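Structural characterization, general
Each chain is listed here by its residues.
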Amino acid sequence: VSGHGVSSALIMSMAKVLLKTFAANEHSPQKTLERINQTFLSEIKTDNFVTIFYAVLDTRNHILCYTSAGHCPVLFIDKQTKECQKIKADGLFMGVFPDMMLAETKYTYTPGNIRLVLYTDGLIEAKCETDEMFGVDRLTEISIATVDLAPDDAVDAILVNQKTFCGESYVPEDDVTILVIDL
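Attention in this report is confined to the structure presented alongside it. No experiment lies behind these values; they were computed from the predicted model shown.

**Thoughts on the environment of Asp175**
- The residue Asp175 is located in the loop between helix 5 (151–166) and strand 7 (178–182) in this model.
- Relative accessible area serves as the criterion here: at 42%, Asp175 is assigned to the partly exposed category.
- Here Asp175 is in contact with Thr120, Gly122 and Leu123, once residues within four sequence places are set aside.

**Overview of the sheet that holds strand 7**
- The strand order 4-3-6-7 describes an open sheet built from four strands, whose pairing is antiparallel. The open sheet has two edge strands, strand 4 (84–87) and strand 7, and neither has a second partner. Strand-to-strand twist in this sheet, taken as the mean axis angle between neighbours without regard to direction, amounts to 20 degrees.
- In the sheet, strand 3 (residues 74–78) pairs with strand 6 (residues 114–119) via four bridges, with the strands oriented antiparallel. Bridging across to strand 6, Ile77 finds its partner in Arg115.
- Helix-sheet contacts for helix 4 (residues 135–145) involve strand 3, strand 4, strand 6 and strand 7, and the interaxial angle to strand 3 is about 30 degrees.

About the criteria used
Residues numbered from 1 in each chain as written. Predicted model: local features only at pLDDT ≥ 70, side-chain atom pairs only at ≥ 80, totals over all residues. Heavy atoms only, no water. Helix = DSSP H or I, 4+ residues; strand = E, 2+ residues; numbered from the N terminus. Buried < 20%, exposed > 50% of the residue type's maximum accessible area, 1.4 Å probe, protein only. Contact = heavy atoms within 4.5 Å. Pairing = 2+ DSSP bridges. Axes fitted to C-alpha atoms, helices over the stretch in contact; angles between N-to-C directions.

Now the structure itself:
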């Protein structure tokens, strides 16, 4: 959610409730996000916008169906080859435009071979003392370097790497959220 403070937290809570409500009867990530967006536009008047990566995981058929509304690129790492695909947002963020121009993608995976790294912009926009951002490229490098670690250990290593890059006096200006998932 754009912005900071109580209003952003309330918008995030509303988005979470709407996601749980609409996802219960809709299996399409794209259609779910479109319904949430319609509700934001008609019922929730705010200057905030919401970015989201939303996926439905079918573990029986090994398919990840996803869409991204303005969210940071998601890293899809092949654990065997150590190659990384950066999956950029399909469409626009929620809460501003009636047509978010979303697309839905189905990704077939081999169990145990793919790692997803999801994060908020606070992670990659953190700056060091020379005002250089941590960035997606550094995140990609450390994510590939830690691909053999358990997901929670990889999260710890990524955060340590970011803090080391930013320096001892680093104070986050934005929230930092990261989620590492092995499929």
